Number of protein chains: 4
Amino acid sequence: MYDKDIRNDEDMKRRLIEMAKEKLQNSYAPYSNYNVAAAALFDSGNIYTGVNVESASLGMTICAERNAIFHAIAEGERKLIAVAIVGGTNRECNEYCVPCGACRQVMRDFGDKESMIVLSAKTPDDYLEHTLDELLPYSFGPEKL
Amino acid sequence: MYDKDIRNDEDMKRRLIEMAKEKLQNSYAPYSNYNVAAAALFDSGNIYTGVNVESASLGMTICAERNAIFHAIAEGERKLIAVAIVGGTNRECNEYCVPCGACRQVMRDFGDKESMIVLSAKTPDDYLEHTLDELLPYSFGPEKL
Amino acid sequence: MYDKDIRNDEDMKRRLIEMAKEKLQNSYAPYSNYNVAAAALFDSGNIYTGVNVESASLGMTICAERNAIFHAIAEGERKLIAVAIVGGTNRECNEYCVPCGACRQVMRDFGDKESMIVLSAKTPDDYLEHTLDELLPYSFGPEKL
Amino acid sequence: MYDKDIRNDEDMKRRLIEMAKEKLQNSYAPYSNYNVAAAALFDSGNIYTGVNVESASLGMTICAERNAIFHAIAEGERKLIAVAIVGGTNRECNEYCVPCGACRQVMRDFGDKESMIVLSAKTPDDYLEHTLDELLPYSFGPEKL
């Protein structure tokens, strides 16, 4: 069980960014050459990784963040604590990769909007940090249905 | 050509909300019974409407906002000025329907993040108004690819 | 009301293909340069058109066929009779554009699998014709939910 | 490395179906109560599992098959050999779950259309077996882009 405050847990933040970076080589983006990887921490303390996967039918493409989250749910996780994202054109990591709107929406299904955080990282020491509510304010969530 | 400042154009805002309301009966949401309609103004001055359409393969579902925007693009539009959204469970319109993250992302493809606005409306006189940048801050857009 | 047998209605097939071709210029595919347009006939006798629209978040991309169908549903249609598809790299129409699996699935929501047809066309006189059941056999449809 | 002919490998088919069944409890389908799980074999011999995950924004929903495949790609796999699918309303497994069109399309990105197989199973001994080409004939694949 992960019971720390992720906002102050620099070790975990570094670890998430490093785990995302390790997976970046597996990104499958033959059409855009825009490669992304993500690592997602759940309340069990387990970390799940994902990469973007593009399809020849472009609309079937999945982002790295959702790939990691969906896999975690399949493993029985339900409560998302943090997501780290790395990437860029040709895996260069020279920009801060922010999540697209669709990924922010899926984070909203499993994360607490005030406490869940997203790290958009160049390196383990150089990242932007946002809460989910900062990225998807005035959001539509599961409580509506 | 629409050349007014939508922020101050109360007549147009009312018209968008009314046009969305008129289409709400066509919403196809047999699985969730959560019905939504949208009207989108483009810089030509033309308004395009859409509703949510659910598929038996739920992931193939489209929201009202994207339905309206995608149709407008097919008609040759490229510059989005404003979107009005109405709806709720069983078409009741007793809540402010905010756009999901995926729709915010597609708005970002065609709207200016500072000036484009989204109206989440109960009635033509009762609505929330947000700029795209307020709904999708720190966004990922077409300039990245 | 359209009450002919589309399988034998060569005039309508030509018209659908021509209407798709007319919209192809509006295809928005800046990332793949693979441009597609579609025209969909519903049982009202009305024809609706669509193009593919790509998003910077590639997974938010929509195909031409679904764009046309979703717009028709928003206009109150519910029964799909036929879809014509044209396109190719740089709008060249020198191949037969078959629908992707996602579009075949959405056709299944609104079309009869035995009688609905798909035309993958190069010209109004040169096309492949398939029933929905030929394109999506052993399908999963709305009767399951 | 998996070097057998999956068509004749009854042990592997049973194992795939059993592994899918074990994950079915993790399916997250609060809106449809239609629960599905899948297990995907790649040419490394490794098996990856997934479940369907529904989002409050229904269009962000992912199917079990794509969840399993996308995770495998993130782990470095590229060549899909077989997918087993189980499920149904309230996890009952009393029907043969065939893949939706979108999942068939993503299988086409990574599977050989003649040799890749899909098992739609009720039990390890009671299943339908199809090649990808039988499920998605006249398909659109990566060779087009």
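Source: prediction; values computed, not measured.

Draft legend 1. Quick look at the overall build of chain A. A tally of regular secondary structure across chain A gives four helices and five strands. The order of helices and strands in chain A, counted from the N terminus, is α-β-β-α-β-α-β-β-α. In terms of overall size, chain A behaves like a compact globule, its C-alpha atoms giving a radius of gyration of 14 Å where 145 residues would be expected to give roughly 15 Å. The principal-axis extent of the C-alpha atoms belonging to chain A is close to 40 × 35 × 30 Å. Here chain A, with 145 residues, has 65% of them falling under the buried criterion. Counting only contacts in chain A whose residues sit at least 6 apart along the sequence, the fraction spanning at least 24 positions is 63%. Of the roughly 4900 Å² that chain A leaves accessible, carbon and sulfur atoms contribute 42%.

Draft legend 2. Examining the relation of the copies chain A and chain D more closely. Structural alignment of chain A on chain D gives an RMSD of 0.0 Å, achieved by rotating through 180° and translating 0.0 Å along the axis. Such a combination of turn and shift is consistent with a two-fold rotation axis. Rotation axis and chain A: the residue whose C-alpha lies nearest the axis is His71(A), separated from it by 3.2 Å.

Draft legend 3. Geometry of the interface of chain A and chain D. Listed per partner, the contact involves 34 residues of chain A and 34 residues of chain D. Across the chain A/chain D interface, buried area totals approximately 2700 Å², and carbon plus sulfur atoms make up 62% of it. Counting the contacts that link chain A with chain D gives two salt bridges. Glu75(D) is the partner of Lys23(A) in a salt bridge, and the nearest nitrogen-oxygen pair spans 3.0 Å.

Draft legend 4. Focus on the relation of the copies chain D and chain B. Rotating chain D by 180° about the axis while translating it 0.0 Å along that axis superimposes it on chain B, leaving an RMSD of 0.0 Å. Of the residues that chain D buries at the interface, 100% are likewise interface residues in chain B, meaning the two copies contact each other through the same surface.

Draft legend 5. Seen up close, the environment of Val98(C). Among the structural elements, Val98(C) can be located in the loop between strand E3 (80-89) and helix H3 (101-110). Placed 28 residues apart in sequence, Val98(C) and Phe70(C) show a C-alpha to C-alpha distance of 18 Å. With sequence-adjacent residues up to four places away left out, Val98(C) is seen in contact with Glu65(C), Ile85(C), Arg104(C), Ser120(C), Tyr138(D), Ser139(D) and Phe140(D).

Draft legend 6. Local environment of the pairing of strand E1 (residues 34-42) of chain A. Residue and element names in this part refer to chain A. Buried residues dominate E1, accounting for nine of its nine residues. The two faces of E1 match: Tyr34, Val36, Ala38, Ala40 and Phe42 on one face and Asn35, Ala37, Ala39 and Leu41 on the other face are all buried. Where E1 meets strand E3 (residues 80-89), nine bridges bridge the pair, whose relative direction is antiparallel. Across the sheet, Asn35 pairs through a bridge with Gly88, a residue of E3. Bridge count for E1 against strand E2 (residues 47-51) is five bridges, and the pairing is antiparallel. For Ala38, the partnering residue across the bridge sits in E2 and is Gly50. The antiparallel pairing of E1 with E2 creates a hairpin that spans four residues between the two strands, and Gly45 there sits at a positive phi of about 95°.

Draft legend 7. The arrangement of the interface of chain D and chain B in detail. Contacts between the two partners involve 11 residues from chain D, matched on the other side by 11 residues from chain B. Sorting the residues of chain D by area buried against chain B places Ser57(D), Leu58(D) and Gly59(D) first, and these three jointly supply 52% of that buried surface. Across the chain D-chain B interface, the total number found is zero residue pairs in polar contact (both at pLDDT 80 or more). When grouped by side-chain class, the residues that make up the side of chain D that touches chain B number five nonpolar, four polar and two charged.

Draft legend 8. Structural detail: the sheet that holds strand E5 (residues 126-131) of chain B. Residue and element names in this part refer to chain B. Taking strand neighbours across the sheet as the criterion, the five strands line up as E2-E1-E3-E4-E5 in an open arrangement whose pairing is mixed. A single partner strand is all that each edge strand has here, and the edge strands are strand E2 (47-51) and E5. On average, adjacent strands in this sheet sit at an angle of 20° to one another, irrespective of strand direction. Sheet analysis places strand E3 (residues 80-89) next to strand E4 (residues 117-123), joined by four bridges and oriented parallel. Within the sheet, the bridge partner assigned to Ile85 lies in E4 and is Ser120.

Draft legend 9. Fine view of the packing of helix H2 (residues 64-74) of chain B against helix H3 (residues 101-110) of chain B. Residues and elements named next belong to chain B. Running from N to C, H2 and H3 point in directions that differ by 25°, and their axes come no closer than 9 Å. Judged by the inter-axis angle, H2 sits roughly parallel to H3. Crossing hand, H2 versus H3: left-handed. Seen from H2, the contacting residues are Glu65, Arg66, Ile69, Phe70 and Ile73; seen from H3, they are Ala102, Cys103, Val106, Met107 and Phe110. Here the residues of the contact of H2 with H3 are counted per class, giving eight nonpolar, no polar and two charged.

Draft legend 10. Inspection of the nonpolar core at higher detail. Residues Ile69(C) and Ile69(D) are the most contacted members of the largest nonpolar core, which totals 224 residues. In contact with Ile69(D), other than residues within four places in its own chain, are Ala40(D), Phe42(D), Leu80(D), Val83(D), Val106(D), Met107(D) and Phe110(D).

Draft legend 11. The arrangement of the environment of Ala68(C) in detail. Residues and elements named next belong to chain C. By the secondary structure assignment, Ala68 is in helix H2 (residues 64-74). Classification of Ala68 by relative accessible area gives buried; the value is 1%. Spatially, the C-alpha atom of Ala68 lies 8.9 Å from that of Val83, the residues being 15 residues apart in sequence. Beyond its immediate chain neighbours, meaning those up to four positions away, Ala68 contacts Ala38, Ala40, Tyr48, Thr49 and Gly50.

Rules used throughout
- Residues numbered from 1 in each chain as written.
- Chains lettered and ligands numbered in written order.
- Predicted model: local features only at pLDDT ≥ 70, side-chain atom pairs only at ≥ 80, totals over all residues.
- Heavy atoms only, no water.
- Helix = DSSP H or I, 4+ residues; strand = E, 2+ residues; numbered from the N terminus.
- Rg over C-alpha atoms; globule rule 2.2 N^0.38 Å.
- Buried < 20%, exposed > 50% of the residue type's maximum accessible area, 1.4 Å probe, protein only.
- Contact = heavy atoms within 4.5 Å.
- Areas by Shrake-Rupley, 256 points an atom, 1.4 Å probe, with all protein chains shown as cover.
- Least-squares fit on C-alpha atoms with pLDDT ≥ 70 in both.
- Buried area = accessible area lost by both parts, 1.4 Å probe.
- Salt bridge = Lys/Arg side-chain N within 4 Å of Asp/Glu carboxyl O.
- Pairing = 2+ DSSP bridges.
- Polar contact = N/O pair within 3.5 Å; in protein donor to acceptor, adjacent residues only side chain to side chain.
- Nonpolar A, V, L, I, M, F, W, Y, C, P; charged D, E, K, R; others polar.
- Axes fitted to C-alpha atoms, helices over the stretch in contact; angles between N-to-C directions.
- Parallel < 35°, antiparallel > 145°, perpendicular 65-115°, else oblique.
- Left-handed = near helix turned anticlockwise from the far one by under 90°.
- Core = buried A, V, L, I, M, F, W, Y, C linked by side-chain atoms within 4.5 Å.

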